[in-house]
Amino acid sequence: LPLCFPQKLWKMLESDQFRSIWWSEGGKCVAINKDLFKVEVLGRGVRQRVFNTRHIKSVIRQLNLYGFTKVQRDIQRSASLPEFLSEEAAASAHSQILYYYNPSFNRAHPWLLGTCKRR
């Protein structure tokens, strides 16, 4: 039987084959480096394809359909201009990383994976 979306996602996170997606927040969130994910996962040939799409928006739509919510990252800003500018550069690179949370998708509780149902 083919794997459903949450199962594919779990296998990717547990694999050392992908650098574009990893567990975050101690295994409670999924972190995705958007640009690297487009190349590493969505840019694969038909035979090696993980998902039946080549578009990040389709993957995000699947995350939303399975109850994942986007987590906003709050970054504290400094008052001094040089520090502020370096933090802005870091924040720009950081904005390429998407964080998604689902209470039923937790590395410490793999048995909850079966409760990740499509809405």
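Rules and cut-offs
- Position numbers for residues count from 1 along each chain, tracking the sequence in the order it is written.
- Totals for whole chains, interfaces and linings use all residues, but because this is a predicted model, local features are given only for residues with pLDDT of at least 70 and pairs of side-chain atoms are given and counted only at 80 or more.
- Neither water nor hydrogens contribute to the side-chain values; these are computed over all heavy atoms in the structure.
- UniProt positions are given in the numbering used here, feature names are shortened, and annotations may be inferred rather than shown by experiment.
- What we call a nonpolar core is a set of buried Ala, Val, Leu, Ile, Met, Phe, Trp, Tyr and Cys residues that are connected through their side-chain atoms within 4.5 Å.
- Buried residues are those whose accessible area, probed at 1.4 Å on protein chains only, stays under 20% of the maximum for their type, while exposed residues exceed 50% and partly exposed ones sit between those limits.
- Every helix listed is a DSSP run of H or I at least four residues long, and every strand listed is a run of E at least two residues long, numbered separately from the N terminus.
- Any pair of residues with heavy atoms lying within 4.5 Å of one another is described as a contacting pair.
- Two strands pair if DSSP finds at least two bridges between them.
- Whenever a helix is involved, its axis is fitted only over the stretch in contact; in every case the axis is a line through C-alpha atoms, and angles between N-to-C directions fall within 0 to 180 degrees.

As named in an unreviewed UniProt entry, the chain is HSFY1 protein, taken from Eulacestoma nigropectus. The UniProt entry for the chain carries the following comment under Subcellular location (unreviewed entry): "Nucleus". The record in UniProt for the chain states the following under Sequence similarities (unreviewed entry): "Belongs to the HSF family."

1. Re the nonpolar core
Residues Leu 9, Ile 21, Phe 37, Phe 51 and Phe 105 are the most contacted members of the largest nonpolar core, which totals 25 residues. Broken down by secondary-structure element, the contributors of at least two residues to this core are helix 1 (5–14), strand 1 (21–24), strand 2 (29–33), helix 3 (56–65) and strand 4 (97–101). Discounting chain neighbours no more than four positions away, the residues touching Phe 105 are Pro 6, Leu 9, Trp 10, Leu 13, Trp 23, Gly 27, Lys 28, Val 30, Phe 68, Leu 113 and Cys 116.

2. So, the sheet that holds strand 3 (residues 69–70)
Judged by pairing direction, the sheet is antiparallel, and its 4 strands sit side by side in the order 1-2-4-3 without closing on themselves. Of all strands in the sheet, those with a lone pairing partner are strand 1 and strand 3, marking the two edges. One ladder, built from 2 bridges, connects strand 3 with strand 4; its direction is antiparallel. Bridge pairing links Lys 70 to Tyr 100 in strand 4. Each of strand 1 and strand 2 touches helix 1; the most contacted strand, strand 1, lies at about 85 degrees to it.

3. Some points on the pairing of strand 2
Of all 5 residues making up strand 2, 4 are buried, and the element is well covered by its neighbours. Both strand 1 and strand 2 contribute to a ladder of 4 bridges, which runs antiparallel. For Ile 21, the partnering residue across the bridge sits in strand 2 and is Ile 32. Taking the residues between adjacent antiparallel strands as the criterion, strand 1 and strand 2 are bridged by 4 residues, where Glu 25 takes a positive phi near 55 degrees. As defined by bridge partners, strand 2 adjoins strand 4 across 5 bridges and the pair is classed as antiparallel.

4. Focus: the side chain of Ser 24
Topologically, Ser 24 is positioned in strand 1. Overall, the relative accessible area of 9% leaves Ser 24 in the buried class. Discounting residues that sit within four places of it in the chain, Ser 24 has contacts with Cys 29, Ala 31 and Tyr 99.

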